[in-house]
Amino acid sequence: MVGYDPEAKCVSTAEAAAAGSASGFVTRVLVSPLDVIKIRFQLQIEQLSSRSPGAKYHGILQAVQRIFQEEGLRAFWKGHVPAQFLSVGYGAVQFMAFESLTKMVHNVTSYNARDSLVHFACGGLAACTATVAVQPVDTLRTRFAAQGEPKIYRNLHHAVVTMYQTEGPRTFYRGLTPTIIAIFPYAGLQFSFYNILQQFSEWVIPAEGKKGGNVKNLVCGSCAGIISKTLTYPCDLFKKRLQVGGFEHARAAFGQVRMYRGLLDCVRQIMREEGPGGFFKGLSPSLLKAAVSTGLIFFWYELFCSLLCALKSPDSTVRKEG
């Protein structure tokens, strides 16, 4: 199970980082198309409706069809290279920090490391640590996924050099404030609800063995992803809007563009021009992505941890499955 377990001392901190990186890599390949659609929806000023004049995207299926027709199949993996750096780096730091924090709680405090509140706090702190580490890559990923044709950035190196020369080093940390504000409760809720759902499943089906363990991890992770994403979604939208600041010329083909002076100005403009529904643009593909990605992240992480345990000591007790 995710988190430190004194009864299953099998996975080291370094191995947790390796398992986190591998799970992030595999998951990113599978969910990249949903991420591209979500970002396009979040950055569209016009209402996501066929009745809205000038709206480029109306819904998931229409967006898929239009992106494919205008930009080809590869468009669904735009920004995939920086996105993979993001996923691999984020997964490594997050799970390494989470395992270390839960272990510290067990060794230093009187709290139970398996408690859901402990998982909430440790999950949030681990995610904040990982976010600060990979935020520049996240900004690059957003720029690549957001740009239309003709492309502003030819490749990753060109993007880094151009952004640094024209906008300065601080541009790589655009949107960091709403990201930190959102990521603590989002990741905390992910880990907490995953833990709660795992315990609930064991209570409901106490006789379940290893045979259904991987499916259970996938289902619990998916449900945790949906709950946490719904509760924290607006901050993710604010982050995306702020990350493309100074990049407005590349957004012209997608409809209206806006410039924001900061987080509060972004919130005010969206509320004034787009209404409360503007805070949840792109929620449908985002929930779909959250269900798939969170489920797969926990599924692959648990699986890779089990494999590492088996490789280290084939005859020993393998790490308990959630």
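Scroll up to find the structure this text is about.
Please read these numbers as outputs of a predicted model, since none were measured by experiment. (Residues numbered from 1 in each chain as written. Predicted model: local features only at pLDDT ≥ 70, side-chain atom pairs only at ≥ 80, totals over all residues. Heavy atoms only, no water.)

**Student:** What is the right way to look at helix α5 (residues 156-167) in this model?
**Tutor:** One turn of an α-helix holds 3.6 residues; hence residues three or four places apart share an orientation. Helix length check: α5, at 12 residues, gives a terminal C-alpha distance of 16 Å against a target of 16 Å (1.5 Å per residue), a fit within 8%. At the N-terminal boundary of α5, the capping side chain belongs to Asn155, with an oxygen 3.3 Å from the backbone nitrogen of His157. Directly beyond the C-terminal end of α5, a positive phi value near 90° is found at Gly168. (Helix = DSSP H or I, 4+ residues; strand = E, 2+ residues; numbered from the N terminus. Expected span 1.5 Å × (residues − 1). Polar contact = N/O pair within 3.5 Å; in protein donor to acceptor, adjacent residues only side chain to side chain.)

**Student:** What exactly am I supposed to notice about the packing of aromatic side chains here?
**Tutor:** Aromatic rings considered in pairs are described by the distance between their centres and by the relative angle of their planes. Throughout the structure, instances matching the rule amount to 12 aromatic pairs. Taking the centre distance of 4.1 Å and the plane angle of 25° together, the rings of Phe98 and Phe191 count as stacked. With Phe98 in helix α3 (residues 80-108) and Phe191 in helix α6 (residues 176-204), the pair connects residues that are 93 residues apart, well separated along the chain. In terms of burial, Phe98 and Phe191 fall into one category: buried. (Phe/Tyr/Trp six-rings, centres within 6.5 Å; stacked < 30°, edge-to-face > 60°. Buried < 20%, exposed > 50% of the residue type's maximum accessible area, 1.4 Å probe, protein only.)

**Student:** Before we go on, may I ask you to explain empty space enclosed by the protein in this structure?
**Tutor:** Remark: the empty space left among the atoms is shown by a probe the size of a water molecule rolled over them. For the coordinates displayed, the defined rule picks out three cavities of 30 Å³ or more. Approximately 760 Å³ is the volume attributed to the largest cavity. Around the largest cavity, the lining comprises 37 residues; the ones closest to its centre are Arg28, Tyr90, Ile183, Tyr186 and Lys289. (1 Å grid on protein atoms, 1.4 Å probe; cavity = no way out; pocket = protein on both sides within 12 Å on 5 of 7 lines; lining within 4 Å. Points joined across faces, edges and corners; volume = space filled by probe spheres on them.)

**Student:** Please explain the nonpolar core as it appears in this structure.
**Tutor:** In this structure, Val2 and Tyr301 are the most contacted members of the largest nonpolar core, which totals 21 residues. Those elements giving two or more residues to this core turn out to be α1 (13-43), α3, α4 (116-146), α6, α7 (213-243) and α9 (283-312). The leading source of residues in this core is α3, at five residues. (Core = buried A, V, L, I, M, F, W, Y, C linked by side-chain atoms within 4.5 Å.)

**Student:** What am I meant to see in the packing of α1 against α3 here?
**Tutor:** How two helices sit against one another is set out by the angle between their axes and by the gap between those axes. Running from N to C, α1 and α3 cross one another at 145°; their axes reach a closest spacing of 7 Å. Along this stretch, α1 crosses α3, giving a crossing that reads as right-handed. For the pair formed by α1 and α3, the contact residues are Thr13, Ala16, Ala17, Gly20, Ser21, Ser23, Gly24, Phe25, Arg28, Val29 and Ser32 on the first element and His80, Ala83, Gln84, Leu86, Ser87, Val88, Gly91, Ala92, Phe95, Met96, Glu99 and Ser100 on the second. Here the contact of α1 with α3 is built from residues that sort into 10 nonpolar, 11 polar and two charged. (Axes fitted to C-alpha atoms, helices over the stretch in contact; angles between N-to-C directions. Left-handed = near helix turned anticlockwise from the far one by under 90°. Contact = heavy atoms within 4.5 Å. Nonpolar A, V, L, I, M, F, W, Y, C, P; charged D, E, K, R; others polar.)

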